[in-house]
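# Structure at a glance
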Amino acid sequence: MEISNIELELSPEPELALLNDTSQINTLENEAIYIFREVAAQFEKPVLLFSGGKDSITLVRLAQKAFWPAKIPFPLMHIDTGHNFPETIAFRDKLVAELGLELIVRNVQDSIDQGKVKEESGRYSSRNSLQTTTLLDAIEEFKFDACIGGARRDEEKARAKERIFSVRDDFGQWDERNQRPELFDMLNGQIELGQNVRVFPISNWTELDVWSYIKEEEMEIPSIYFAHKRKIFLRDGLIWSHSDYVYQEKDEEVLEEMVRFRTVGDMSCTAAVYSEATDIDAVVQEIRDSTISERGARIDDKRSEAAMEKRKQQGYF
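Right, let's walk through the structure included here. Everything numeric in this text was worked out from a predicted model, so none of it was measured. (Residues numbered from 1 in each chain as written. Predicted model: local features only at pLDDT ≥ 70, side-chain atom pairs only at ≥ 80, totals over all residues. Heavy atoms only, no water.)

## A look at the overall build of the protein
Along the backbone of the protein there are nine helices and ten strands. Considering only residue pairs separated by 6 or more positions, the protein has 73% of its internal contacts joining residues 24 or more positions apart. Surface summary for the protein: the accessible area is close to 16000 Å², and the carbon and sulfur share equals 51%. (Helix = DSSP H or I, 4+ residues; strand = E, 2+ residues; numbered from the N terminus. Contact = heavy atoms within 4.5 Å. Areas by Shrake-Rupley, 256 points an atom, 1.4 Å probe, with all protein chains shown as cover.)

Here you go:
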């Protein structure tokens, strides 16, 4: 009986587990707010890269808290591939209008028209990698010295090599061997002429942390993240949106299924997952039970073993 009593005492209560989750989120929130304030203090022209996805929406909420009651003291910028999910673009414009924020949009189509990049064709064609040129041109155009983004270390192994303040050279390139140590939360924003820094305030968060924060803050997100009926087709074991933006063979049958998206990027490289999660509680539980990374639905990461790292070295976010 004594052993049984000890076991019962050591078993975590649901309330305690919830308290631990909340404590973890509060710690991560405080860290992110500290990072945002360091950016404002150390850089002259920061910008927040915003796509309308869950991570960039979370960044906006954190930035609001960091500078409240003042407005966010820097603009948002979206590098638009032109092949985005319409639900995401509609949400982007709605949020910016509601908060009265400045939004800069630069289009990959302009880079194509100017002959700076070439449109891909064929079965796995995508505009995702073409964003790099458009992004670097925009950084040069506005002379941004810090670009804030929602990358997290748990997403992909190349992400795990990033510092919170990740230095890029005057060509926008990333050298993972030439990064500064970040000891005791000391963030060094000193850069040379021509360099800029990519900043990752939620670098230490996981996908589940983001969803837990969205739930706790009762944040609105695009409907695409919840299960809905959608026209799709199947290829290579993945679920693709039926769209003019996505290459599709004539023999690939169009179906209508209940799906949702765990990550939102260019439609041509972002696959869906089967799901019945129509509300935030169901999504959080689904993420808890998942054994597959959210980046498992991003075909651009599967082009080679080091696909993400190579794109980052070239200036990709």
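Having put the structure on the table, let's press on.
## A look at the pairing of strand β2 (residues 76-80)
The element β2 is extensively covered by neighbouring structure, given that five of its five residues are classed as buried. Side chains L76, H78 and D80 project from β2 onto one buried face, and the interleaved M77 and I79 project onto a second face that is buried too. Bridge count for strand β1 (residues 46-49) against β2 is two bridges, and the pairing is parallel. Paired with L49 across the strands is M77, a residue of β2. Read from β1 through helix α3 (residues 54-67) to β2, the crossover connection turns out right-handed. Note: β2 against strand β3 (residues 103-107), five bridges, orientation parallel. (Buried < 20%, exposed > 50% of the residue type's maximum accessible area, 1.4 Å probe, protein only. Pairing = 2+ DSSP bridges. Right-handed = clockwise from strand over helix to strand, strands pointing away.)

## Some details on the sheet that holds strand β4 (residues 146-148)
Taken together, six strands build an open sheet; the order of strands is β3-β2-β1-β4-β6-β5 and the sheet is mixed. For this open sheet the edge positions go to β3 and β5 (165-168), each flanked by a neighbour on one side alone. Between one strand axis and the next, the sheet turns by 30° as a mean value, whatever way the strands run. The pairing of β4 with strand β6 (residues 196-199) spans three bridges and is classified as parallel. Along β6, the bridge assignment pairs C147 with R198. Against the sheet, helix α4 (residues 86-99) makes contact with β2 and β3, and its axis sits at roughly 165° relative to β2, the strand it touches most. (Axes fitted to C-alpha atoms, helices over the stretch in contact; angles between N-to-C directions.)

## Some remarks on unusual backbone geometry
Cis rather than trans, the peptide bond between W68 and P69 has omega equal to 10°. Even without a glycine there, the phi angle at E218 is positive, about 55°. Mapped onto the elements, E218 comes out in the loop between α7 (207-217) and β7 (228-235). Backbone geometry places D236, a non-glycine residue, at a positive phi of 55°. Mapped onto the fold, D236 is located in the loop between β7 and β8 (238-241). Take D236: its relative accessible area is 49%, and that puts it in the partly exposed class.

## Points about the pattern of salt bridges
As enumerated under the stated definition, the model contains 20 salt bridges in all. Here E252 makes a salt bridge to R235, at a shortest N to O gap of 3.0 Å. Placement of the pair is E252 in the loop between β8 and β9 (255-260) and R235 in strand β7, with a sequence separation of 17 residues. Taken individually, E252 and R235 each receive the classification buried, so the pair is uniform in this respect. (Salt bridge = Lys/Arg side-chain N within 4 Å of Asp/Glu carboxyl O.)

## Considerations on the sheet that holds strand β10 (residues 273-274)
The strand order β8-β7-β9-β10 describes an open sheet built from four strands, whose pairing is antiparallel. In this open sheet, the two strands that pair with only one neighbour each are β8 and β10. Where β7 lies against β8, four bridges are found, and the strand directions are antiparallel. Of the residues in β8, the one forming a bridge with R235 is L238.

## With respect to the packing of α3 against α7
Packing of α3 against α7 leaves a shortest axis separation of 10 Å and a crossing angle of 55°. Between α3 and α7, the interaxial angle falls into the category oblique. Two packed elements cross with a definite hand, and for α3 against α7 that hand is left-handed. Every residue of α7 that contacts α3 at K54, D55, T58, R61, L62 and K65 is listed here: E207, V210, W211, Y213, I214 and E217. Tallied by class, the residues present in the contact of α3 with α7 amount to five nonpolar, one polar and six charged. (Parallel < 35°, antiparallel > 145°, perpendicular 65-115°, else oblique. Left-handed = near helix turned anticlockwise from the far one by under 90°. Nonpolar A, V, L, I, M, F, W, Y, C, P; charged D, E, K, R; others polar.)

Take it as geometry only, folks, not as evidence of what the structure does.
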